Structures are given as C-alpha cells and as structure tokens.
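Fold and contact review
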Amino acid sequence: MPGAASAHTRVVAFHSSYGAGTIVISMSQRRLFYVLDDGRAIEYPVAVAKPGKEWLGSTHIAGKYSHPDWSPPAVVKHDHPNLPNFIPGGSPRNPMGVAAMTLDRDQIAIHGTNRHMRSSIGTRASYGCIRMLNEDVADLYDRVGVGTPVVMRP
C-alpha cells in the first residue's frame, strides 16, 4: 500500500476520459494528477518546464529509480558549466531527489528535489522534467509502475 500523501497533496474531483492509473500533468496549473477509478485524482504540486523547454502529449513511464545518480544533460551543462559531470544518488546536491521515473522521451523524468530546489515547486523551472517534492514523488513512485501512461496538457 502506498504511503500517505503529504500535506501538499489532496484528493480532488477529476472527471476525464483518462483511465485509472494515468498520470495527467497540467502545465498551466503546475499540478500532477494521479487518476483514481472513481472520478477523483490525487493532486500533487509540481514544477514544470520553463518557456521554450515545454512539451505536450502522451508518453509512459519507461523506468523507476530510487536515489538515482545524475549527470546533467548537455543543454543543462551548457547553461550551467560549473555543474559537476556526475552527482551520485543520495547526495544532498543531487537534483533528482529520492526517486525518479524516466519517461519515454529524451532525458525527461518525473523526479524529486534537493533542498535548494524545493522552492521551485509551483513554477516553470525545469528543462522539461516534472519536479516534485521528495515526499510526493516517493508516494507517486509507490503507486505507479513501468508502462504507466503519462499525459502532459497545456
């Protein structure tokens, strides 16, 4: 059984054509919804892509990783050349946080945060990834599996 959602999450009415178990991300609301089977969803606050880095459409979870290592993608390294080439999982500097779910898109994931990045939740801050509070990504991680459908809406 998944852990209790954090104080930042809530169960909300969510009537849609998406099936139970689908992750729906609203870029404009900066919210991720995990669809339940009764016209409701668990709502999590997230950070979404900054202007020019956004994406829309359907994909799925391709992998799940607890305390993942991180190497900055070339575009991130270009903009932040002082970043190290590798940050091990579990490091307080690792921007992936406690868990990551990679998507079937080039170098895009739903992932946690480090302490420095917590304040970005609710903003447009990423290079395409969906950033969550660590307590929320841990809860979602326990609810989903590889193959879970993910939809990004405007």
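We now turn to the structure provided with this report. Everything numeric here is computed off the predicted structure, so don't read it as measured data.

On to the side chain of Thr22, then. As for its placement among the helices and strands, Thr22 is situated in the loop between β1 (10–13) and β2 (23–26). Classification of Thr22 as buried rests on a relative accessible area of 7%. Side-chain polar atoms of Thr22 contact the backbone oxygen of Gly19, separated by 2.8 Å. Among residues more than four places away in sequence, those in contact with Thr22 are Phe33, Tyr34, Val35, Pro149 and Val151.

With mixed pairing, the 9 strands of this open sheet are ordered in space as β1-β4-β3-β2-β11-β6-β7-β8-β10. Looking at which strands have only one partner, the edges of the open sheet turn out to be β1 and β10 (130–131). Both strand β3 (residues 31–35) and strand β4 (residues 40–45) contribute to a ladder of 5 bridges, which runs antiparallel. Of the residues in β4, the one forming a bridge with Arg31 is Pro45.

Turning next to the environment of Pro51. Structurally, Pro51 can be placed in the loop between β5 (48–49) and β6 (57–66). For Pro51, a relative accessible area of 61% translates into the label exposed. Separated by 80 residues in the primary sequence, Pro51 and Arg131 place their C-alpha atoms 15 Å from one another.

With that out of the way, let us pick up unusual backbone geometry. For Arg30, which is not a glycine, the phi torsion comes out positive at approximately 55°. Relative to the elements of secondary structure, Arg30 occurs in the loop between β2 and β3. On the accessibility criterion, Arg30 (24% relative accessible area) is partly exposed. For Gln107, which is not a glycine, the phi torsion comes out positive at approximately 55°. With respect to the helices and strands, Gln107 occurs in the loop between β7 (99–103) and β8 (109–111). Exposure remark for Gln107: the relative accessible area of 52% places this residue in the exposed category.

Definitions and cut-offs
Residues numbered from 1 in each chain as written. Predicted model: local features only at pLDDT ≥ 70, side-chain atom pairs only at ≥ 80, totals over all residues. Heavy atoms only, no water. Helix = DSSP H or I, 4+ residues; strand = E, 2+ residues; numbered from the N terminus. Buried < 20%, exposed > 50% of the residue type's maximum accessible area, 1.4 Å probe, protein only. Polar contact = N/O pair within 3.5 Å; in protein donor to acceptor, adjacent residues only side chain to side chain. Contact = heavy atoms within 4.5 Å. Pairing = 2+ DSSP bridges.

Remember, this is a structural readout, not a statement about activity or role.
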